[in-house]
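Next come the chains, spelled out residue by residue.
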Amino acid sequence: MPKGESEATAASTSEKAPCANVTPKLELRHVSQRYTGARGETLALDGMDLCVAPGESVAILGPSGCGKSTSLLAACGLQRPTGGSVFVDGEPVESPRLETALILQDFGLMPWKTVEQNAALGLQVRRLPKKERMKRAHDALRRVGLGDFFRSYPAELSGGMRQRLAMARALACDIDLLLMDEPLSALDALLREEMQNMLKRCWIDQGYAQVLVTHSIEEAVFLGQRVVVMSARPGRIVYELANGEMVDPSWRDDPLYFERCRLLRDVLRSKEGVLDA
Ligand SMILES: Nc1ncnc2c1ncn2[C@@H]1O[C@H](COP(=O)(O)OP(=O)(O)OP(=O)(O)O)[C@@H](O)[C@H]1O
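- Naming follows an unreviewed UniProt entry, where the protein appears as ABC transporter domain-containing protein of Slackia piriformis YIT 12062.

Have a look at this one:
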């Protein structure tokens, strides 16, 4: 299904472009990524277009290896794409910015640092006095329910607590854009639901824009105001679903939630090359 690098992104089903009347918080414009590795060249992304409005929550689904993580690396400025451009607030992204946080599956915690030191990590580059850094880290840790664990080490925490610590580190930095790459995939089903609730609460309370990469259709429909589906490699967006009702407090039990999950499952099955998601 993937075509030439220069071809435009496929159609979407969303009702109205979410960034129509605002400067997007994040925009990936025709982003392509070629990797050169031991197995030769890989075209990971091909004409990836994604617009995220300020305060919007977007979930990305797609088969393994379609370039989801690559998209996030480009979005946070850790990797310059080989084609196309990335913008935040209309400005080109050329390096990581302080107000963007990236949470990975392994949470990126430093095992030799305490919980409070890990939570304050993102603040170090801001040259804030230590007292201020600790105050912000402690506030963020309390917000995610880790108020009693300041002096513990990551190894002493459960999987869910480590996830909350990664979240606290992002919240301590007053972020306006949160990027998450399969942050819950290592957790068991019930804990995963609990953490999904926490992610939604934090997003609603703090008002940042977020992009969540996940393999779980249910998670995408629970957390994404918009769910986008990528093609198999080289990846680009081939389908979009408006899902604004996800802010409803009883969304998980709403018949529409199940209907949307079913619809996305059919979409993923029907799209050539996206069966694995
Ligand atoms: N640094 C790299 N060097 C060479 N190839 C790479 C590199 N990083 C990623 N790739 C390749 O690019 C493609 C896209 O990888 P990426 O990790 O973005 O996919 P993904 O959709 O996040 O996959 P998954 O769902 O399995 O995590 C894959 O074929 C991968 O092997």
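Continuing now.
**Re the UniProt feature "domain: ABC transporter" (unreviewed entry) in the protein**
Phase 1 of the analysis: Under the UniProt annotation, "domain: ABC transporter" (unreviewed entry) lies at residues 26-259.
Phase 2 of the analysis: Split by type, residues 26-259 is 32% helix and 27% strand. Its first and last C-alpha atoms lie 29 Å apart.

**Section: the pattern of salt bridges**
For side chains bearing opposite charge, pairing can occur when the charged atoms are close.
Phase 1 of the analysis: Summed over the entire model, instances satisfying the criterion amount to 18 salt bridges.
Phase 2 of the analysis: Here lysine 25 ties to aspartate 89 by a salt bridge, and the two come within 2.7 Å at their closest N and O atoms. On the criterion of sequence distance, the pair formed by lysine 25 in the segment before β1 (26-37) and aspartate 89 in the loop between β4 (83-88) and β5 (91-92) is long-range, its members being 64 residues apart.
Phase 3 of the analysis: Taking relative accessible area as the criterion, lysine 25 reaches 9% and is therefore assigned buried.
Phase 4 of the analysis: In this structure, lysine 135 and aspartate 139 form a salt bridge, with 3.0 Å as the shortest nitrogen-oxygen distance. Taken together, the positions of lysine 135 and aspartate 139, both in helix α4 (residues 130-143) and four residues apart, correspond to about one turn of that helix.
Phase 5 of the analysis: Taking the relative accessible area as the measure of exposure, lysine 135 reaches 48% and is therefore partly exposed.
Phase 6 of the analysis: Among the charged side chains, a network of salt bridges with common partners joins Lys25, Asp89, Arg97, Glu99 and Asp176.

**Things to note about the layout of surface pockets**
Phase 1 of the analysis: Estimates place the volume of the largest pocket at around 490 Å³.
Phase 2 of the analysis: Lining the largest pocket are 20 residues, with Arg97, Thr100, Ala101, Leu102 and Gly122 positioned closest to its centre.
Phase 3 of the analysis: Counting residues per element, the ones that place at least two in the lining of the largest pocket are β6 (100-103), α3 (121-124) and α5 (159-171).
Phase 4 of the analysis: Residue composition of the lining of the largest pocket, grouped by class: 15 nonpolar, three polar and two charged.
Phase 5 of the analysis: Lining the lining of the largest pocket are residues from two domains, each supplying at least three of them: domain 1 (1-99 + 175-199 + 206-277) and domain 2 (109-174).

**Quick word on the packing of aromatic side chains**
Phase 1 of the analysis: All chains considered together, the criterion is met by two aromatic pairs.
Phase 2 of the analysis: Here the aromatic rings of tryptophan 251 and tyrosine 257 are separated by 5.9 Å at their centres, their planes lie at 80°, and the arrangement is edge-to-face. By the burial criterion, tryptophan 251 is buried, and tyrosine 257 matches it.
Phase 3 of the analysis: Ring geometry for tyrosine 257 versus phenylalanine 258: centroids 5.2 Å apart, planes at 80°, classification edge-to-face.
Phase 4 of the analysis: We classify phenylalanine 258 as partly exposed; its relative accessible area is 42%.

**Comments concerning the site of the ligand**
Phase 1 of the analysis: Neighbouring residues of the ligand: 13 residues in total, closest Ser64, Lys68, Ser69, Thr70 and Arg233.
Phase 2 of the analysis: Glycine 67 has a polar backbone atom sitting 3.0 Å from an oxygen atom of the ligand.
Phase 3 of the analysis: Threonine 70 is positioned with one of its side-chain polar atoms (N or O) 2.6 Å from an oxygen atom of the ligand.
Phase 4 of the analysis: For the ligand, whose accessible area on its own is 640 Å², the fraction buried by protein is 63%.
Phase 5 of the analysis: Sort the elements by how many residues they give to the shell around the ligand and helix α1 (residues 68-75) lands first, with three residues.
Phase 6 of the analysis: Of the residues in the shell around the ligand, the class split is four nonpolar, seven polar and two charged.

**Describing the domain arrangement of the protein**
Phase 1 of the analysis: Per the domain assignment, the segments making up the protein are domain 1 (1-99 + 175-199 + 206-277) and domain 2 (109-174).
Phase 2 of the analysis: On the domain 2 side, the residues contacting the 14 residues of domain 1 number 13 residues.
Phase 3 of the analysis: Between domain 1 and domain 2, roughly 1,100 Å² of surface is buried when both sides are summed, and carbon and sulfur atoms account for 69% of that area.
Phase 4 of the analysis: For the domain 1 face of the interface with domain 2, the top three residues by lost area are Leu98, Ile175 and Met198, together amounting to 46%.
Phase 5 of the analysis: Counting the contacts that link domain 1 with domain 2 gives zero salt bridges.
Phase 6 of the analysis: At the surface where domain 1 touches domain 2, the tally comes to two residue pairs in polar contact (both at pLDDT 80 or more).
Phase 7 of the analysis: Element by element, the count of residues in the side of domain 1 that touches domain 2 is highest for helix α6 (residues 189-206), at five residues.
Phase 8 of the analysis: A class-by-class count of the residues in the side of domain 1 that touches domain 2 yields eleven nonpolar, one polar and two charged.

About the criteria used
- Residues numbered from 1 in each chain as written.
- Predicted model: local features only at pLDDT ≥ 70, side-chain atom pairs only at ≥ 80, totals over all residues.
- Heavy atoms only, no water.
- UniProt positions renumbered as here; feature names shortened; annotations may be inferred.
- Helix = DSSP H or I, 4+ residues; strand = E, 2+ residues; numbered from the N terminus.
- Salt bridge = Lys/Arg side-chain N within 4 Å of Asp/Glu carboxyl O.
- Buried < 20%, exposed > 50% of the residue type's maximum accessible area, 1.4 Å probe, protein only.
- 1 Å grid on protein atoms, 1.4 Å probe; cavity = no way out; pocket = protein on both sides within 12 Å on 5 of 7 lines; lining within 4 Å.
- Points joined across faces, edges and corners; volume = space filled by probe spheres on them.
- Nonpolar A, V, L, I, M, F, W, Y, C, P; charged D, E, K, R; others polar.
- Domains from an automatic or database assignment.
- Phe/Tyr/Trp six-rings, centres within 6.5 Å; stacked < 30°, edge-to-face > 60°.
- Near = heavy atom within 4 Å.
- Polar contact = N/O pair within 3.5 Å; in protein donor to acceptor, adjacent residues only side chain to side chain.
- Areas by Shrake-Rupley, 256 points an atom, 1.4 Å probe, with all protein chains shown as cover.
- Contact = heavy atoms within 4.5 Å.
- Buried area = accessible area lost by both parts, 1.4 Å probe.

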